[in-house]
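Structural overview for review
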Amino acid sequence: MGLLGFYLRKLYTVFKGEVLVLPSRVVVLLFFFVLLFLPLVTQDPYLLRILILTSIFAIFAASWDLLSGFTGQMNFGHALFFGVAAYTAALLNLHAHLPPWGSIPLGALAAVLAGLVIGIPCLRLKGTYLALTTLAFPIILMGIVFAIPQFTGGELGISGLDRLSGSRITDYYITVVTMLALGTIMWKITHSNTGLIFHAIREDELAVRTAGINTTRYKLLAFCLSGFFAGISGGLYAHFMRIAGPANLEVTMSFTVVIWAIFGGVVTIYGPIGAVFILFPLLEFFRFWPEIRMLMFALVILLILLYMPNGLLPWVRDKIETECPRCKIRNVATRKTCRICTAQLD
Amino acid sequence: MILDIIISSLINGSVYALLAIGFSLIFGVARIVNIAHTAFYMLAAYFIYYGTHKLGVNPALCMLVAIIPVTLIGLISYRLFIDPIREHEAAVLIATIALAMAMQEIMLLIFTGDFLGVPSLVEGYRMVFGVKIAYQQLLTVAMALLVLAVVWAFLLKTRLGLAIRSTAQDREVANLMGMNESRVAMITMGVSVGLAAFTGAVIAPLAIVNPFMWMHPLIMMMAVVVLGGLGSIKGSFVGAYILGFAEALVVFLLPMGSYLKGSVALSIMILVLLIRPEGLFGIAFEEER
């Protein structure tokens, strides 16, 4: 009993000293809390549907950030991972009768393979070359999909997949918990040693090589990890919508994920997730004016970029928090002195 | 059959070459990956449609005039949306994507998604070895080649061309040598959008005008630029005809060819990149650090 009390008190101290002091951490906590307990308040199927799709695309956008933001391997063909996983999951589900819990991970593994396949030729390319080359892969695959319609369903895609689960609420919990878990895992990866090497590869690959690190291996690792996470989201999407079609591979899809990620702020993981949770419901809101909905979307992005070119969420974070000049620890913007080393904040 | 392939690859190749040169110009000078490049091409096609069908202007005049408003729109959108955030490459990237989307949506609003056609400049055709070759096709190829020659002369023989080329090579040194870097960037943007508009104008009678017509050329243009080597005009030229020829070959010879044309052309690009990562005529730059 005493031990439990000790841990509870310790938890409370950590909570008070580490979470409540920073508004960004409070926001993240609230985000988890609201998402997990929302169905207790409302079970409106339309709202849940939007949140399910938002969660799926949040995984997708964050996986782009892992590859292109952190490692600096600009990928303009991210829809490839999504599409490969969606098609694999669909084919496995329809022909091998695998249930979703089997077909989604296998689809993600197929996306990892796709990551290897496109990663190897792309290792020698950098920057803009890489971006423009990766754009080609989903289009090549789309051509193949159209060319063998008896196997892939051609333009119509593969429909009639198993549902994710029986009910909307279970679907909601599966996708939201997956999103929160994978988001945390990605965030953890980027804060690990591997993540540090990813950072370094983006900043200066030559220097990393000089330091004795096999950058090729790490770049391939980034391709595979990103492919895996994007693949999970692709599989979830296929099973939730119950269709895998060529729309999953389109250029628009690749561009949208770039928009989400950069709009939210790259090299953060939480940026793309937040951006999807802002932009996707916004797009749904604009459906009241269906003709101009994409136009409004484009204009919102153009205007916001003019004022916060580093992305929305880092901009907000910089407004509400300042970094201590001495110990580099973040503080609430209202504080006069640093909460750790009591240095003057300016 | 062979003649069909040649004509079609010449037309596609010229269009891709014109687009790719404009695209790599603005990339070289200002390091802007302008996704909206082919959206300007679409815009020009719509201007011609509007001029000929709604205002009843002579098509030839319309083609020449259409270039001006499109270039102006290009320059204004560059000033408003891209110039202020040029320091942030990623932001510029999605700004151009958003710009292209906005243009597509505006066209969709005004003209709806219908497939439209633009009248030919010259009617009639000639039979060569049993193949029908419309005069319009010949005219398009001839005009494209002419403009390619003009652009080449402009870049290599004039002082402004020299300024553009030197800014592309080294922005800072060019600035130190007294070339106003931001003005060169502005002029290059004008030239680049102008080229896109011209391409749209010459191809409009042969293409189906619709708001999504910018997607396919965009992808092919990027493939051409990568294949030929970023910033190399000769490379863009050769790469464009290689991919145009590959596309035409696939369309005419393979079953399901029209679906596979993009795939095959892009696979060729990737194969070339495996052997020469800097493209056919690209120079392997010292790593920018």
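1. Considering the overall build of chain A
Looking only at helices and strands, chain A has 16 helices and 4 strands in total. In summary, chain A has a C-alpha radius of gyration of 21 Å against a globular reference of 20 Å for 346 residues, a match within 12%. Across its three principal directions, the C-alpha atoms of chain A cover 70 × 55 × 50 Å. Here chain A holds 346 residues, and 45% of them are scored as buried. Counting only contacts in chain A whose residues sit at least 6 apart along the sequence, the fraction spanning at least 24 positions is 73%.

2. Some points on the overall build of chain B
A count of helical and extended segments in chain B gives 11 helices and 2 strands. The linear arrangement of helices and strands in chain B, starting from the amino end, is α-α-α-α-β-β-α-α-α-α-α-α-α. Expressed as a percentage of the 289 residues in chain B, the buried residues total 49%. Long-range pairs, those at least 24 residues apart, make up 74% of the contacts in chain B between residues at least 6 apart in sequence.

3. Observations regarding the confidence of the model for chain B
One rule of thumb: low pLDDT means the predicted coordinates there are not for detailed reading. In this model, chain B carries a mean pLDDT of 85, and residues with pLDDT of at least 70 account for 98%. Complex prediction metrics read pTM 0.89 and ipTM 0.83.

4. Focus: the environment of Ser233(A)
Structurally, the position occupied by Ser233(A) is in helix α12 (residues 215-241). Sequence-distant contacts of Ser233(A), that is, excluding residues within four places in its chain, are made with Ile56(A), Phe57(A), Ile59(A), Phe60(A) and Phe82(A).

5. Considerations on the nonpolar core
Formed by 201 residues in total, the largest nonpolar core has its most connected members in Ala61(A), Ala44(B), Ile94(B) and Ala223(B). Per element, the largest residue contribution to this core is 16 residues, and it comes from helix α1 (residues 2-30) of chain B. Contacts of Ala44(B), omitting those with residues within four sequence positions, involve Ala66(B), Ile67(B), Val70(B), Ala197(B), Gly200(B) and Ala201(B).

6. Describing unusual backbone geometry
Residue and element names in this part refer to chain A. Within the chain, Arg242 stands out as a residue other than glycine whose phi angle is a positive 60°. Note that Arg242 resides in the loop between α12 and β2 (243-244). According to the C-beta neighbour criterion, Arg242 is partly exposed, with 15 such atoms within 10 Å.

7. Thoughts on the interface of chain A and chain B
At the junction of the two partners, chain A supplies 37 residues and chain B supplies 40 residues. If you list the elements that add at least two residues to the side of chain A that touches chain B, you get α6 (127-134), α7 (136-147), α13 (251-264) and α15 (293-307) of chain A. Considering every element that reaches the side of chain A that touches chain B, the biggest residue donor is α15(A), with 8 residues. Of the residues that constitute the side of chain A that touches chain B, the class distribution is 30 nonpolar, 4 polar and 3 charged.

8. Observations concerning the pairing of strand β1 (residues 125-128) of chain B
One ladder, built from 4 bridges, connects β1(B) with strand β2 (residues 131-134) of chain B; its direction is antiparallel. In the strand pairing of β2(B), Tyr125(B) is matched with Ala134(B).

9. Examining the environment of Ile259(A)
Within the fold, Ile259(A) resides in helix α13. Excluding residues that lie within four positions of it along the chain, Ile259(A) makes contacts with Ile301(A), Ile94(B), Ile97(B) and Ala98(B).

10. Some thoughts on the packing of helix α3 (residues 45-70) of chain A against helix α9 (residues 168-190) of chain A
All names here are of chain A. One can describe the packing of α3 onto α9 by two numbers: an axis separation of 9 Å at closest approach and a directional angle of 20°. It follows that α3 is roughly parallel to α9 by the angle criterion. α3 and α9 meet at a crossing whose hand is left-handed. The segment α3 lies against α9, with Pro45, Leu48, Leu51, Ile52, Ser55, Ile56, Ala58, Ile59, Ala62, Leu66 and Phe70 engaging Arg168, Asp171, Tyr172, Thr175, Val176, Met179, Leu182, Gly183, Met186 and Thr190. Its residues placed into classes, the contact of α3 with α9 shows 15 nonpolar, 4 polar and 2 charged.

11. Remarks on helix α3 (residues 59-82) of chain B
With 24 residues, α3(B) extends 33 Å from end C-alpha to end C-alpha; this agrees with the ideal 34 Å at 1.5 Å per step. Listed in full, the buried residues belonging to α3(B) are Cys62(B), Met63(B), Ala66(B), Ile67(B), Val70(B), Thr71(B), Gly74(B), Ser77(B), Tyr78(B), Phe81(B) and Ile82(B). Tucked inside the fold, the buried residues of α3(B) contact α15 of chain A together with α2 (37-55), α4 (89-111) and α8 (181-203) of chain B.

12. Digging into the packing of helix α10 (residues 233-253) of chain B against helix α11 (residues 257-275) of chain B
Residue and element names in this part refer to chain B. For the pair α10 and α11, interaxial distance at closest approach is 8 Å and the crossing angle is 145°. Of the two elements, α10 crosses α11, and the hand of that crossing is right-handed. Where α10 abuts α11, its residues Leu243, Ala246, Glu247, Val250, Val251, Phe252 and Leu253 lie against Gly257, Ser258, Leu260, Lys261, Val264, Ala265 and Ile268. The class makeup of the residues in the contact of α10 with α11 is 10 nonpolar, 2 polar and 2 charged.

13. Overview of the environment of Glu155(A)
Residues and elements named next belong to chain A. Its place among the elements puts Glu155 in the loop between α8 (149-152) and β1 (158-159). Judged by the 12 C-beta atoms lying within 10 Å of it, Glu155 falls in the exposed class. Sequence separation between Glu155 and Ala247 is 92 residues, and the spatial gap between their C-alpha atoms is 8.7 Å. Apart from residues no more than four positions distant in its own chain, Glu155 is found in contact with Phe146 and Pro246.

Rules used in this analysis
Here the residue numbers are simple positions, counted from 1 along each chain's written sequence. To label them, take the chains in the order written and letter them from A, then take the ligands in the order written and number them from 1. Note on the predicted model: pLDDT of at least 70 is required for a residue's local features to be given, and 80 or more for side-chain atom pairs to be given and counted; whole-chain, interface and lining totals, by contrast, use all residues. Per the convention used, a helix needs a DSSP run of H or I reaching at least four residues, while a strand needs a run of E reaching at least two, with both numbered from the N terminus. The globule rule used for comparison is 2.2 Å times the number of residues to the exponent 0.38, while the radius of gyration itself is calculated over C-alpha atoms. Buried, partly exposed and exposed are defined by the number of other C-beta atoms within 10 Å of a residue's own C-beta, namely 20 or more, between the two limits, and 12 or fewer respectively, with C-beta atoms placed from the backbone. Note on contacts: residues are paired as contacts if their backbone-placed C-beta atoms lie within 7 Å. Scored from 0 to 100, pLDDT reflects the predictor's confidence in each residue. When buried Ala, Val, Leu, Ile, Met, Phe, Trp, Tyr and Cys residues are joined through C-beta atoms within 7 Å, the set is termed a nonpolar core. Side-chain classes follow a simple rule in which Ala, Val, Leu, Ile, Met, Phe, Trp, Tyr, Cys and Pro form the nonpolar group, Asp, Glu, Lys and Arg form the charged group, and the remainder, Gly included, forms the polar group. Any two strands are treated as partners once DSSP identifies two or more bridges connecting them. To obtain each axis, a line is fitted to C-alpha atoms, and for helices this fit is confined to the stretch in contact; angles are then taken between N-to-C directions over 0 to 180 degrees. Orientation categories follow fixed angle ranges, with anything under 35 degrees roughly parallel, anything over 145 roughly antiparallel, 65 to 115 roughly perpendicular, and all other angles oblique. By definition, turning the near helix anticlockwise from the far helix through less than a right angle yields a left-handed crossing, and turning it clockwise yields a right-handed one. One fewer than the residue count of a helix, multiplied by 1.5 Å, yields its expected span.

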